[in-house]
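Breakdown of the fold
Spelled out, the chains give:
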Amino acid sequence: MCYLECEKDLSEYCGYFDTSLLQNILDYTEKLNPQQIRKLFYILGELAFSQRQEDSYIQDDMHMVIRKWLSSTVPKYKQMGIIGAITVAGSMAGMYYPPVIGPSLQLSILLDLVSYCCEQSPEALALYYDELANLIEKQKGNLDSQILVCCRVVCIQSIILTLWKCFSFLRFPWWVVGCFLHSISSFPRIVSPECLSPSFRLLRLYTTEQHNGSMEEIDALLGCPLHLTDLEIEGNLDSLAKQEREFLCSLLFHSLNWFREVVNAFCQQQDLEMKGKVLTRLQNITELQNMLRKCLAASPGYVPPRAIFDCEALEAAPTINAVGAYIVGPIFFTCSILYQSADVTIGFILLLTLPFSFQDTTEKKSGIPLVQLQSYRAFFRELDLEVFTILHCGLLTKSILDSEMHTEAREIVQLGPAELVFLLDDLCQKLEHILIPPAAKRAPFLKGKACRKIGFSHLCQRSSQEVAQCAVELLKPLCNHMENMHNYFQALMTENQGVVDGPRVNIQEHQLMSSCYQQLLQAFRFLFAWSGFSQRENSDLLRSALKVLADRLKPGETGFLLLEDLISESFHYLLNFQHSVPNFQCALTLTQLLIVIAEKPVASWKKDKIASLAKQFLCQSWMQLSGTREKGSQFSDALHTLLCVYMEHTDNILKAVEDISSVGVPELINSANDGYSSTYPTLTRQTFPVFFQVMMAQLENSARSISAGKPSDSSEVEKLLHWNMAVRDFHILVNLVKVFDSRPVLSICLKYGRLFVEAFLKLAMPLLDYSFKKHREDVQSLLKTLQLSTRQLHHMCGHSKIHQDLGLTNHVPLLKKSLEQFVYRVKAMLAFNHCQEAFWVGILKNRDLQGEEILSQDSEENDPGEGVSQLPREDPAEVFLYTAAVPIAFMVPEHPWWYSS
């Protein structure tokens, strides 16, 4: 099916689809999601209505299935029927079928059937509008006139009915009003505000198709204000009844979705006055969203009205457990009568009067919890990619009219930080969804990740190359905005002498600008991380994107630069932003962006630059606006990622681990309880487990990268040196458990300690077999240091056993097995070198982290001197590995690894 979808002429494949095969395919439709249903019926429609198959049996089967689904009372089947019918209608009116009277009548009957079956279901009617709009948009400029006639005759009457019942006064083109007056009495429908935004989207796409892109017929809708209830709420939301709070939430959702569709419709208008009105609508969106966050926090269990209809059953909205939105004064519902009305279920009126300006209610007051709207994406209308052309806007003027529609004054409008955050957040979500593939995970048969696609149905109809092309065209305004962010924070640090929480800092403005900076860096990263740039057909697009960045440093000089030079100039341009990043998250994103740029292709100097930058960020103090250090799970995750970047790009991982463990950690130990390392300010007692986990993991990976030793190996001395450094670092890290003995640190040490010992057995011991005679002292020193570490690991096993911690004891059996294998592998090495008499085995007692013996019932009852050769009580600093003249004593556990008490 995926292959057939890409074919241009499907008529030659009709012979492969007999009745039984088609019936088997249709039997599986219940398991398909709406996007798969659309693809299936597109293929079947192209096959059925091709020139060679005018009387194909496929048509009859499809019509029967569609009629059955449309007449069903189950919402899922009705949804499938609407999607299938509109998709087939596009095939019927397409280029494969000649425009004769018979098929036109068949098409009209099909659309009439869909319209009739959707009359009593607002969600089905809204889906019908959206599917017709998608059909017009997909076949823009090539749509058959019969589809447009059906849209005008069958659908426009429903649009006018929806707008007429939801709004009071509207001005429409003469043909719309005539259509409405002719048919309003003969089409009784249940009208819901859920149909408002879909109907307007269909109306504006139909208008642009009929008038070659002109919106003049309906441009009055852009300036029409929404008259809502009094949004200057000065009372306690808890004092309102549950029904009133939920009504207010629904009111805000419908208003926001109306504004989103208005912005979609008029975002590409070139008239300056129209651009100013679009920016005003963006401001209205951000203001209403702030109000909605407060209302949702005070309405636990509230489920918003649907705004996306071509998806499977939506997941329930997040439940707010605590009700606590405290705002002063009473609230007045001016539309309480409309709320109870049977005909009008939405409490706002659209008027062709003065533009309405909302009061700013974004100030955060104490005790007001705000709900994040990212989890409510399924309840907002999708923004089109064309909306982001607003990022090109600078300062605009907007006329303020008086009561007689005369210009009273002019107001300067610009894209503010709140509006910029709104646009950039949506842009980043779109780029991530299309350009960045999700993590590989096996999905059940015929079950896709539907929840991930909710809110991106229009976007998914475009190819990733089209989205990347659109993003490249936005690079110039994005660079302008990012340079503005850089200048803002540079000036702020200069004004406050580098203090983040200075007295002159506007906290709310600082947070908005920081969010803008973060989203801008994310947008760059998602674009340049697109794997499609590695394909030959997209090489010119990559050059165009890099040329935009390189032109910022050398304007007019990049036309004939090679790709490597463009990458280098782009890298240096982005590197200039390192001194103005306002928080640790921005620092991490900038580092990841530079890595993406450097990988095309990577060079050694770029790798060093990235390692140096990552270390610079790790050695920097990151403060919050409250004056405290950054902390929390999000900061820990970002710190873990940046620390891994530093370790992976540094030229010597072992040296980097030793520097942190022998310099930074002692500084932390000697500091106060809430102190930090002076060399690495990001290293605190709260973040030590993050550092410890990364260092242990990188140390183990570095050890595994050392190739196994072979006889007459020319790099024998170099490998011994590497293993000496690795074992020394391992010894330092393992002994840190005596100071930092928290459960996460112990778990990390047990896990990676076993992996390191296994790597040593596999890769280092063959090297020692052939190096023992030539470098006896070096090998003895190496084994002495490692034996101290293995003894501490054994003490940790005893600690886990006495505390009966299941999470820790799960690591013990495999670790003890590896420790015993190490003992007997050393014995085999000595035998290989004819020194087996130098090996002596004693009993190693179970001890805790501090070296104190853990007494068991057996050790208390039996005389420890019976039956075994005993050594004196070992001190933690004592080494039981002597020179070759003295026997080499290895201590084995009192109980083998498979023993469990």
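My aim in this report is to walk through the structure given alongside it, one point at a time. (Residues numbered from 1 in each chain as written. Predicted model: local features only at pLDDT ≥ 70, side-chain atom pairs only at ≥ 80, totals over all residues. Heavy atoms only, no water.)

**Looking at the overall build of the protein**
Looking only at helices and strands, the protein has 32 helices and six strands in total. Total accessible area computed for the protein in this model is approximately 41400 Å², and 52% of it derives from carbon and sulfur atoms. (Helix = DSSP H or I, 4+ residues; strand = E, 2+ residues; numbered from the N terminus. Areas by Shrake-Rupley, 256 points an atom, 1.4 Å probe, with all protein chains shown as cover.)

**Thoughts on the pattern of salt bridges**
Evaluated as defined, the whole model comprises 19 salt bridges. Among the salt bridges present, the one from R381 reaches E261, with a minimum N-O distance of 2.9 Å. With a gap of 120 residues between them, R381 in the loop between β2 (349-350) and β3 (396-401) and E261 in helix α12 (residues 242-266) connect regions that are remote in the sequence. By relative accessible area, R381 is classed as buried at 4%. (Salt bridge = Lys/Arg side-chain N within 4 Å of Asp/Glu carboxyl O. Buried < 20%, exposed > 50% of the residue type's maximum accessible area, 1.4 Å probe, protein only.)

**Observations concerning the side chain of N257**
Mapped onto the elements, N257 comes out in helix α12. Residue N257 is classed as buried on the basis of its relative accessible area, which comes to 5%. Here the side chain of N257 touches F379 through a polar contact of 3.4 Å, landing on its backbone oxygen. If we skip the residues at most four places from it in the chain, N257 touches S197, A307, F379, F380 and R381. (Polar contact = N/O pair within 3.5 Å; in protein donor to acceptor, adjacent residues only side chain to side chain. Contact = heavy atoms within 4.5 Å.)

**Observations concerning helix α20 (residues 539-553)**
The first and last C-alpha atoms of α20 sit 22 Å apart over 15 residues, in line with the 21 Å expected at 1.5 Å per residue. Of the residues making up α20, those classed as buried are L541, L542, A545, L546, V548, L549 and A550. For α20, the elements touching its buried residues are α17 (464-473), α18 (475-495), α19 (507-528), α21 (563-575) and α22 (584-598). (Expected span 1.5 Å × (residues − 1).)

**Quick look at the packing of helix α27 (residues 716-735) against helix α29 (residues 776-803)**
Following both chains from N to C, one finds α27 and α29 inclined at 25°, their axes separated by 9 Å at the closest point. With respect to α29, the axis of α27 lies roughly parallel. As for how α27 packs across α29, the hand of that crossing is left-handed. Taking contact as the criterion, the partners of W723, N724, V727, R728, F730, H731, V734 and N735 in α27 are, on α29, D778, L782, T785, L786, L788, S789, Q792, L793 and M796. (Axes fitted to C-alpha atoms, helices over the stretch in contact; angles between N-to-C directions. Parallel < 35°, antiparallel > 145°, perpendicular 65-115°, else oblique. Left-handed = near helix turned anticlockwise from the far one by under 90°.)

**Quick look at the nonpolar core**
I390, F528, W723 and F760 are the most contacted members of the largest nonpolar core, which totals 201 residues. Top element by residues in this core is helix α28 (residues 743-771). It accounts for 16 residues. (Core = buried A, V, L, I, M, F, W, Y, C linked by side-chain atoms within 4.5 Å.)

**Some points on α19**
The first and last C-alpha atoms of α19 sit 32 Å apart over 22 residues, in line with the 32 Å expected at 1.5 Å per residue. In terms of burial, α19 is a largely internal element, 16 of the 22 residues being buried. The residue sitting at the N-terminus of α19 and contributing the capping side-chain oxygen is N506; that oxygen lies 3.2 Å from the backbone nitrogen of Q508.

**So, the packing of aromatic side chains**
The final tally for this structure, using the stated rule, is 22 aromatic pairs. A ring pair is formed by Y573 and F577, whose centres lie 5.3 Å apart and whose planes are at 90°; its orientation type is edge-to-face. Owing to a relative accessible area of 4%, F577 belongs among the buried residues under this scheme. Cation over ring: K138 sits above Y42, and NZ or CZ is 4.6 Å from the ring centre. Between R629 and the ring centre of Y676, over which it is positioned, the NZ or CZ distance is 3.6 Å. (Phe/Tyr/Trp six-rings, centres within 6.5 Å; stacked < 30°, edge-to-face > 60°. Lys NZ or Arg CZ within 6 Å of the ring centre and 35° of its normal.)

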